[in-house]
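# Survey of secondary and tertiary structure
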Amino acid sequence: MATANSSNILSSTFYLTGIPGYEEFHHWISIPFCLLYLVGIMGNCTILHIVRTDPRLHQPMYYFLAMLSLTDMGMSLPTMISLFRVLWSISREIQFNTCVVQMFFIHTFSLTESSVLLAMALDRYVAICHPLRYATIFTPTLITKIGIAALLRSALPVIPLLARLAFFPFCHSHTLSHSYCLHQDVIRLACADTKFNVIYGLVLISLLWGMDSLGIFVSYVFILHSVLKISSQEGRFKALNTCASHICAVLILYVPMIGLSIVHRFAKHSSPLIHIFMAHIYLLVPPVLNPIIYSVKTKQIRQGVLHLLFTLKLSSSVM
């Protein structure tokens, strides 16, 4: 009985991994991670604040941008506490229930971000190809429905995948490859038939990411076809320039995501540093770069940021 209890306790605890071989430098390594998280949080909160407070930005394009900022934070923030607990040598342990909740948020919001990028592609398609119908198509009600549908479409399919983990015994090493929990990382430690989880996970990713990426691709085919019909070169450049930020956001999400999946599927025996490097790029690059790209490339956001900075500077000088 004691052995069974001890086995149950063991199976409910996992051990996170920092940067193997560099444990003595973990405190120093935490500094750039802390700065990246700080930049990501401040950048996305700034975007949300500007969109909320500036009436000129109460338009579909900027509502979708606000959704992108929310999904960026939802994907990265659940990992922050566990990462710094490891890097600051507080604890490497994470309980099974906490691990499952962390996985749920990471996978749900990464899939939701893909859906939001598809919605933004459709927004650009309607704005460029059907500008006269833009305001009547993308109403506030439709945008709200798109946001709710994107979240539900991402969250509900993930639940059966994670619920099955509760029935798996974990008798292999309980050490995970990263400083946070990913389904593909946890499932390899199970001492049971994980065929359903593996196949279901591949089908889920292929369907959702595949549908989103196909929708984005088709949208840009129509956008490019419409832009090439514009007679003036300045008009073509202006139309394409409105899509530049979105194209960057798509690449920032999909390239690390595909890279991490390839590493987990086909490079299982490669250096742990490669796995860790790709995993942190996957979670930290979109939240950090998206606000910067949209602030640089989008005039209205850039003006909002400058206005906010000027207001803060003015209020601090008055005090």
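Keep in mind it's a predicted model, so treat the numbers as computed, not measured.

On to the overall build of the chain, then. A tally of regular secondary structure across the chain gives eleven helices and two strands. Helices (α) and strands (β) of the chain occur, in sequence order from the N terminus, as α-β-α-α-β-α-α-α-α-α-α-α-α. Taking 20 Å as the expected radius of gyration for a compact globule of 319 residues, we find that the chain reaches 22 Å, a close match to that expectation. Oriented by its inertia axes, the alpha-carbon framework of the chain measures out at about 75 × 55 × 35 Å. Classification of the 319 residues of the chain by burial places 45% in the buried group. Taking as baseline every contact in the chain between residues at least 6 positions apart, the subset at least 24 positions apart corresponds to 78%. A distance of 10 Å separates the average location of the 20 positive side-chain charges in the chain from that of its 11 negative side-chain charges.

The next thing to look at is the pattern of salt bridges. Applying the stated rule across the entire model yields four salt bridges. Between Asp 212 and Arg 153 there is a salt bridge, with its nearest N and O atoms 2.7 Å apart. Note that Asp 212 is positioned in helix α8 (residues 195–227) and Arg 153 in helix α6 (residues 140–163), a separation of 59 residues in sequence. Judged by its relative accessible area of 1%, Asp 212 falls in the buried class. For Arg 153, a relative accessible area of 26% gives the class partly exposed.

The end-to-end C-alpha distance of α6, which contains 24 residues, comes to 35 Å, matching closely the 34 Å that a straight helix rising 1.5 Å per residue would cover. Where α6 is concerned, the buried positions are Ile 143, Ala 150, Ser 154, Ala 155, Val 158, Leu 161 and Leu 162. Where α6 is buried, its residues touch α3 (60–87), α4 (96–129), α7 (183–186) and α8.

It is worth spelling out the UniProt feature "transmembrane region" (unreviewed entry) in the chain at this point. Mapped onto the present numbering, the UniProt feature "transmembrane region" (unreviewed entry) falls at residues 28–51, 63–88, 100–122, 198–223, 244–267 and 273–293. Counting secondary structure, residues 28–51 comes out at 100% helix and 0% strand; the distance between its end C-alpha atoms is 36 Å.

In the contact formed by α4 and α6, the axes pass within 8 Å of each other and the chain directions differ by 145°. The crossing of α4 and α6 is right-handed. Facing α4, whose interface residues are Val 100, Met 103, Phe 104, His 107, Thr 108, Phe 109, Leu 111, Thr 112, Ser 115 and Ala 119, α6 presents Ile 146, Ala 150, Leu 151, Arg 153, Ser 154, Ala 155, Val 158, Ile 159 and Leu 162. Of the residues contributing to the contact of α4 with α6, the split by class is 13 nonpolar, five polar and one charged.

So, on to the packing of aromatic side chains. The full count for this structure, using the stated rule, is eleven aromatic pairs. When the centroid spacing of 4.9 Å and the interplanar angle of 25° are considered together, the rings of Phe 84 and Trp 88 count as stacked. A centroid spacing of 5.3 Å and a plane angle of 25° characterise the contact between Phe 196 and Tyr 200, whose relative ring orientation is stacked. Taken together, the residues Phe 196 and Tyr 200, both in helix α8 and four residues apart, mark about one turn of the helix. Residue Phe 196 is classed as partly exposed on the basis of its relative accessible area of 38%. Judged by relative accessible area, Tyr 200 falls into the partly exposed class, the value being 23%. By way of ring pairs, the aromatic residues Phe 14, Phe 96 and Phe 170 are connected into one cluster.

Turning our eyes to something else, we now look at empty space enclosed by the protein. Summed over the entire model, instances satisfying the criterion amount to two cavities of 30 Å³ or more. Of the pockets and cavities examined, the largest cavity occupies roughly 60 Å³. When grouped by side-chain class, the residues that make up the lining of the largest cavity number four nonpolar, three polar and two charged. Considered as a void within the structure, the second largest cavity measures approximately 50 Å³ in volume. For the lining of the second largest cavity, the secondary-structure elements that each account for two or more residues are α2 (26–53), α3 and α10 (272–297). Among the elements that take part in the lining of the second largest cavity, α2 stands out by supplying five residues, more than any other. Of the residues that constitute the lining of the second largest cavity, the class distribution is seven nonpolar, three polar and no charged.

Rules used throughout
Residues numbered from 1 in each chain as written. Predicted model: local features only at pLDDT ≥ 70, side-chain atom pairs only at ≥ 80, totals over all residues. Heavy atoms only, no water. Helix = DSSP H or I, 4+ residues; strand = E, 2+ residues; numbered from the N terminus. Rg over C-alpha atoms; globule rule 2.2 N^0.38 Å. Buried < 20%, exposed > 50% of the residue type's maximum accessible area, 1.4 Å probe, protein only. Contact = heavy atoms within 4.5 Å. Lys, Arg positive; Asp, Glu negative; His and termini not counted. Charge placed at Lys NZ, Arg CZ, Asp CG, Glu CD. Salt bridge = Lys/Arg side-chain N within 4 Å of Asp/Glu carboxyl O. Expected span 1.5 Å × (residues − 1). UniProt positions renumbered as here; feature names shortened; annotations may be inferred. Axes fitted to C-alpha atoms, helices over the stretch in contact; angles between N-to-C directions. Left-handed = near helix turned anticlockwise from the far one by under 90°. Nonpolar A, V, L, I, M, F, W, Y, C, P; charged D, E, K, R; others polar. Phe/Tyr/Trp six-rings, centres within 6.5 Å; stacked < 30°, edge-to-face > 60°. 1 Å grid on protein atoms, 1.4 Å probe; cavity = no way out; pocket = protein on both sides within 12 Å on 5 of 7 lines; lining within 4 Å. Points joined across faces, edges and corners; volume = space filled by probe spheres on them.

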